[in-house]
Amino acid sequence: MTPAHIEAARQQGATDLEIHDTVLIAAAFCMYNRYVDGLATWQPRNDQMYEEMGKRLAESGYAKRDTEATEIAERSAGDAQKWRLSGSEL
């Protein structure tokens with residue numbers, strides 16, 4: 001973040017508080033990404049899993065678990081375990 005970035009944000013109407021919050025959010029995501037990378041986590045490559053989760057979240061929010069989406073997630077977790085054991089790509 002440079003003074004030019006701050007000035008550009010101010011020209012668009014951003015307040016000091018909004019700029020401050022934006023910088024903190026970006027820093028938090030940077031930390032989260034480094035933490036997750038450091039744990040050697042994996043990302044499911046099953047697009048159906050994301051489609052089902054998206055539908056469930058759009059319909060029910062975070063409060064209700066959809067059985068089918070849960071089963072897909074569990075299968076993906078099993079795939080990840082196989083991947084770790086075999087050393088290959090999913």
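Everything quoted here is computed from the prediction, not taken from an experiment.

Reading the values: rules and limits
Position numbers for residues start from 1 in each chain and track the written sequence from start to end. Two thresholds apply to this predicted model, a pLDDT of at least 70 for residue-level local features and 80 or more for giving and counting side-chain atom pairs, whereas whole-chain, interface and lining totals are computed over all residues. Side-chain numbers here rest on the full set of heavy atoms in the structure, without hydrogens or water. Only DSSP runs of H or I covering at least 4 residues are called helices, and only runs of E covering at least 2 are called strands; the numbering of each starts at the N terminus. Relative accessibility thresholds used throughout: buried, under 20% of the residue-type maximum; exposed, over 50%; partly exposed, between the two (1.4 Å probe, protein chains only). Throughout, a residue-residue contact means that at least one pair of heavy atoms, one from each residue, lies within 4.5 Å. Shrake-Rupley sampling with a 1.4 Å probe provides the accessible areas, and residues are treated as covered by the protein chains on show and by no other component. Take the residue count of a helix, subtract one, and multiply by 1.5 Å to get its expected span. Stacked, edge-to-face and tilted are the three classes for Phe, Tyr and Trp ring pairs, Trp counted by its six-membered ring, which pair at centre distances within 6.5 Å; planes under 30 degrees apart are stacked, over 60 edge-to-face, the rest tilted. Definition used for salt bridges: Asp or Glu carboxyl oxygen within 4 Å of a side-chain nitrogen of Lys or Arg. Throughout, the arc means the angular range of directions from the helix axis out to the C-beta atoms. Counted as a polar contact is a pair of N or O atoms within 3.5 Å, where, for protein atoms, one must be capable of donating a hydrogen and the other of accepting one, and residues adjacent in sequence contribute only when both atoms are in side chains.

Chemist: Help me understand the overall build of the chain in this model?
Modeler: For the chain, the count of helices and strands is four helices and zero strands. When the elements of the chain are put in sequence order from the N terminus, they spell out α-α-α-α. Classification of the 90 residues of the chain by burial places 11% in the buried group. Restricting to contacts in the chain with at least 6 residues of sequence separation, those with at least 24 account for 35%. If you sum the accessible surface of the chain, you get close to 7400 Å²; carbon and sulfur atoms cover 56% of it.

Chemist: I keep staring at unusual backbone geometry and nothing clicks. Help me out?
Modeler: In terms of backbone geometry, most residues other than glycine have negative phi values and most peptide bonds are trans. In the Ramachandran plot, alanine 40 falls in the positive-phi region, its phi being about 55 degrees despite a non-glycine side chain. With respect to the helices, strands and loops of the structure, alanine 40 is situated in the loop between helix H2 (16-38) and helix H3 (47-60).

Chemist: I would appreciate a short explanation of H2 in the present structure.
Modeler: Each α-helix turn comprises 3.6 residues. Residues three or four places apart therefore point the same way. Taking 1.5 Å of rise per residue, 23 residues should cover 33 Å, and H2 covers 33 Å from first to last C-alpha, within 8% of that figure. Looking one or two places after H2, you find alanine 40, whose phi comes out positive at around 55 degrees.

Chemist: I keep staring at the packing of aromatic side chains and nothing clicks. Help me out?
Modeler: Two measures describe an aromatic ring pair: the distance that separates the ring centres and the angle between the ring planes. As enumerated under the stated definition, the model contains one aromatic pair in all. Where phenylalanine 29 meets tyrosine 32, the ring centres are 5.9 Å apart and the plane angle is 75 degrees; that geometry is what we call edge-to-face. Residue phenylalanine 29 and its partner tyrosine 32 are both found in helix H2; the two are separated by three residues, about one turn of the helix. For phenylalanine 29, a relative accessible area of 51% gives the class exposed.

Chemist: Can you walk me through the pattern of salt bridges in this structure?
Modeler: Side chains that carry opposite charge are capable of pairing whenever their charged atoms lie near each other. With the rule as written, the count across this model stands at two salt bridges. With a shortest N-O distance of 2.6 Å, arginine 10 and aspartate 16 are connected by a salt bridge. Among the ionic pairs, lysine 55 bridges to glutamate 52, the shortest N-O distance being 3.8 Å. Here lysine 55 and its partner glutamate 52 are both found in helix H3, three residues apart, which amounts to about one turn of the helix. For lysine 55, a relative accessible area of 47% corresponds to the partly exposed category. Judged by relative accessible area, which is 13%, glutamate 52 ranks as buried.

Chemist: Would you take a moment to explain H3 for this structure?
Modeler: With 14 residues, H3 extends 20 Å from end C-alpha to end C-alpha; this agrees with the ideal 20 Å at 1.5 Å per step. Inspection of H3 places Met49, Glu52 and Arg56 among the buried residues, and these make up the whole buried set. Down the axis of H3, the buried side of the element spans an arc of 70 degrees, and every buried residue falls inside it. Across H3 from its buried face, at more than 90 degrees, point the exposed residues Asp47, Glu51 and Ala58. The N-terminus of H3 is capped by asparagine 46, whose side-chain oxygen sits 3.0 Å from the backbone nitrogen of glutamine 48.

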